[in-house]
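As a plain string of letters, each chain reads:
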Amino acid sequence: MSRRRIQIFDTTLRDGEQSPGIALLPQEKAEIAEQLERLGVDVIEAGFAGASPGDFEGVRAVAAAVKVPTVASLVRAHREDIDAAAEALEAAHRSRIHIFLATSALHMEKKLDLEPHEVVERARWAVEYSAARVDEVEFSCEDATRSDPAFVARVCRVAIEAGATIINLPDTVGYALPAEYAGFVADVRRRCPALRRVVLSVHCHNDLGLAVANSLAGIQAGANQVECTVNGIGERAGNASLEEIVMALEVRSAHFKIETGIDTTQITAASKLVSERTGYVVQPNKAVVGANAFAHEAGIHQDGMLKDARTYQIMEPSSVGVRMTLPLGKHSGRHAFARACAERGVHLKGAALNDAFRRFKEHADAGRAVALEDVFQEVTA
């Protein structure tokens, strides 16, 4: 059975950079973009060219650095933003302007001070103006999940008529639940049949810890582009994590029947580079790329892993560019301890192994860091 191909839109350099305290230099953006290209992402959102001179140069640097991915810049529905984006993207192999305009009653009234019909006309103008300047135009209905689906469908229809070839329905504030989000996407598709002629995108935030779940629900509801960031960085609680989405689709491929163009062996390299350049440390228990993601300390788990890795592991560490580890600690078992000793050239059996393992446990239970060499010395003393 053929698998549906979805696009991976990486917004690490735009939405990810909007995390408090991150300010990437143009050369740093270019370096990360080159790794994203090796990773195989389809679209790199390089920044918000109209936000500052530095971000303009960052978008320009990415546009010149990569050869295969589409390079995008975010814009408001303002002439100056669009002009800045078009100029910054001039060197791109393929360029995209990504327009966002709010569609929820709350945003239209409190933030934009616009009536619904004014939002519709502004969307039409912004897409038409952008389409003449770049290869592709994406239009996002900001705060879509708190908007009236009928109004969202109306705005989408107008944006497509004006030349948008990608429509994004974001869960801007991370409010939706997975079934609710899938239902919303399906409802808007039903109300706006023109969406079947363009790329439908999802963009989810993690305020309730549901960004990845919502993204997968949106994909199942028909989206063929997913917007995400390396390590899940982003405003507030972050964005949907690229590595988690990709590996969910990979590990559960029989369920999703969906493929991406991602080279998963480049995931860890991308994670480490983004962490180093942004200063955002990856939590040890982070799925896929955390230091503990493939580490097994519990003795029962270690014993199972030594017999067959599939007992406690659903993906090969090598598939994301790392190695499995069996760290030693107070929960470790005798088999893992013996293997660790053997890897250091000390082969223990019988009473010698029992004595060394007992001393190791004494150290570990005391909460001290255990150096196997110290244990060996105590045993031979």
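Just above sits the structure.
Residues numbered from 1 in each chain as written. Predicted model: local features only at pLDDT ≥ 70, side-chain atom pairs only at ≥ 80, totals over all residues. Heavy atoms only, no water.

Caption draft 1: Spotlight on the overall build of the protein. Within the protein, the regular secondary structure consists of 16 helices and 10 strands. By principal-axis analysis of the C-alpha atoms, the protein measures approximately 85 × 40 × 40 Å. Sorting the 381 residues of the protein into buried and exposed places 53% on the buried side. Contacts in the protein between residues at least 24 apart in sequence constitute 73% of all its contacts with a sequence separation of at least 6. Accessible area of the protein: about 16800 Å², with a carbon and sulfur share of 50%. Of the charged side chains in the protein, 43 are positive and 52 negative; the average position of the first set lies 6 Å away from that of the second. (Helix = DSSP H or I, 4+ residues; strand = E, 2+ residues; numbered from the N terminus. Buried < 20%, exposed > 50% of the residue type's maximum accessible area, 1.4 Å probe, protein only. Contact = heavy atoms within 4.5 Å. Areas by Shrake-Rupley, 256 points an atom, 1.4 Å probe, with all protein chains shown as cover. Lys, Arg positive; Asp, Glu negative; His and termini not counted. Charge placed at Lys NZ, Arg CZ, Asp CG, Glu CD.)

Caption draft 2: Representation of the nonpolar core in the model. With 102 residues, the main nonpolar core has Phe139, Ile167 and Leu169 as its most contacted residues. Ignoring sequence-local partners within four residues, the contact set of Phe139 consists of Ile99, Leu101, Ala123, Val127, Val155, Ala159, Ala164, Ile166, Ile167 and Asn168. Core analysis: the second largest hydrophobic core is formed by seven residues, Phe337, Cys341, Leu348 and Ala356 among them. (Core = buried A, V, L, I, M, F, W, Y, C linked by side-chain atoms within 4.5 Å.)

Caption draft 3: The side chain of Glu243, seen in detail. With respect to the helices and strands, Glu243 occurs in helix H10 (residues 242-251). Relative accessible area serves as the criterion here: at 2%, Glu243 is assigned to the buried category. From its side chain, Glu243 meets the backbone nitrogen of Asn231 in a polar contact 3.0 Å long. Those residues in contact with Glu243, other than ones at most four positions away along the chain, are Thr229, Val230, Asn231, Gly232, Ile267, Lys286, Ala287, Val288 and Val289. (Polar contact = N/O pair within 3.5 Å; in protein donor to acceptor, adjacent residues only side chain to side chain.)

Caption draft 4: Local environment of the sheet that holds strand S2 (residues 7-10). The sheet built from eight strands closes into a barrel, its strands ordered S2-S3-S4-S5-S6-S7-S8-S9 with parallel pairing. This sheet shows a mean twist of 25 degrees between the axes of neighbouring strands, independent of strand direction. Sheet topology note: the strand S6 (residues 136-142)/strand S7 (residues 166-171) ladder contains three bridges and is parallel. Within S7, the position partnered with Phe139 by the bridge is Ile167. (Pairing = 2+ DSSP bridges. Axes fitted to C-alpha atoms, helices over the stretch in contact; angles between N-to-C directions.)

Caption draft 5: Quick look at the environment of Glu142. Counting through the fold element by element, Glu142 comes out in strand S6. Of the residues examined, Glu142 reaches a relative accessible area of 14% and is grouped as buried. For the pair Glu142 and Pro170, spaced 28 residues apart in the sequence, the C-alpha separation amounts to 6.3 Å. Those residues within four positions of Glu142 in sequence are excluded, and the remaining contacts are Phe100, Leu101, Ala102, Thr103, Ser104, His107, Lys111, Ser147, Pro170 and Thr172.

Caption draft 6: Highlighting the environment of Leu74. One can find Leu74 in strand S4 (residues 70-75). Sequence separation of Leu74 and Ile166 is 92 residues, and the distance between their C-alpha atoms is 13 Å. Leaving out residues up to four positions away in the same chain, Leu74 has contacts with Arg14, Glu45, Gly47, Phe48, Ala49, His98 and Phe100.

Caption draft 7: Spatial organisation of the packing of helix H9 (residues 211-220) against H10. Contact geometry of H9 with H10 gives a least axis separation of 10 Å together with a crossing angle of 50 degrees. Comparing the axis directions of H9 and H10 gives the class oblique. Crossing of H9 over H10 shows right-handed handedness. Listed contacts from H10 to Val212, Ser215, Leu216 and Ile219 of H9 are Glu244, Ile245, Ala248 and Leu249. Looking at the contact of H9 with H10 residue by residue, the class counts come to six nonpolar, one polar and one charged. (Parallel < 35°, antiparallel > 145°, perpendicular 65-115°, else oblique. Left-handed = near helix turned anticlockwise from the far one by under 90°. Nonpolar A, V, L, I, M, F, W, Y, C, P; charged D, E, K, R; others polar.)

Caption draft 8: Geometry of the pattern of salt bridges. One pass over the full model with this rule turns up 25 salt bridges. Two residues, Lys286 and Glu243, come together in a salt bridge whose shortest N-O distance is 2.7 Å. Of this pair, Lys286 sits in the loop between helix H12 (267-278) and helix H13 (299-307) while Glu243 sits in helix H10; the two residues are 43 residues apart in sequence, bridging distant segments of the chain. For the pair shown, Lys286 and Glu243 are each scored as buried. For Arg277, the salt bridge goes to Glu276, with nearest N and O atoms at 3.8 Å. Taking relative accessible area as the criterion, Arg277 reaches 30% and is therefore assigned partly exposed. Residue Glu276 is classed as exposed on the basis of its relative accessible area of 54%. Three or more residues are tied together by salt bridges with common partners; here these are Arg94, Arg96, Glu136 and Glu138. (Salt bridge = Lys/Arg side-chain N within 4 Å of Asp/Glu carboxyl O.)

Caption draft 9: Broad picture of helix H14 (residues 334-343). For H14, every residue scored as buried is listed here: Ala336, Phe337, Ala340 and Cys341. Taken down its axis, H14 places every buried residue within 140 degrees of arc, on the same side. Positive backbone phi, approximately 85 degrees, marks Gly345, located one or two places after H14. (Arc of directions from axis to C-beta.)

Caption draft 10: Quick peek at the layout of surface pockets. Here the largest pocket is characterised by a volume of approximately 380 Å³. Lining of the largest pocket is provided by 24 residues; of these, Asn231, Gly232, Ile233, Gln283 and Lys286 occupy positions nearest its centre. Partitioned by chemical class, the residues of the lining of the largest pocket number 11 nonpolar, 10 polar and three charged. (1 Å grid on protein atoms, 1.4 Å probe; cavity = no way out; pocket = protein on both sides within 12 Å on 5 of 7 lines; lining within 4 Å. Points joined across faces, edges and corners; volume = space filled by probe spheres on them.)

Caption draft 11: Here's a closer look at the packing of aromatic side chains. This structure, assessed with the given rule, holds five aromatic pairs. Consider the rings of Trp125 and Tyr129, whose centres lie 5.1 Å apart with planes at 15 degrees: the pair is stacked. In this pair, Trp125 and Tyr129 are both assigned in helix H6 (residues 116-131), four residues apart and thus about one turn of the helix distant. We classify Trp125 as partly exposed; its relative accessible area is 29%. Classification of Tyr129 as buried rests on a relative accessible area of 12%. Between Phe357 and Phe360, the ring centres sit 6.2 Å apart and the planes meet at 25 degrees, which makes this aromatic pair stacked. Taken together, the residues Phe357 and Phe360, both in helix H15 (residues 350-365) and three residues apart, mark about one turn of the helix. (Phe/Tyr/Trp six-rings, centres within 6.5 Å; stacked < 30°, edge-to-face > 60°.)

By themselves, these figures tell us nothing about what the structure is for.
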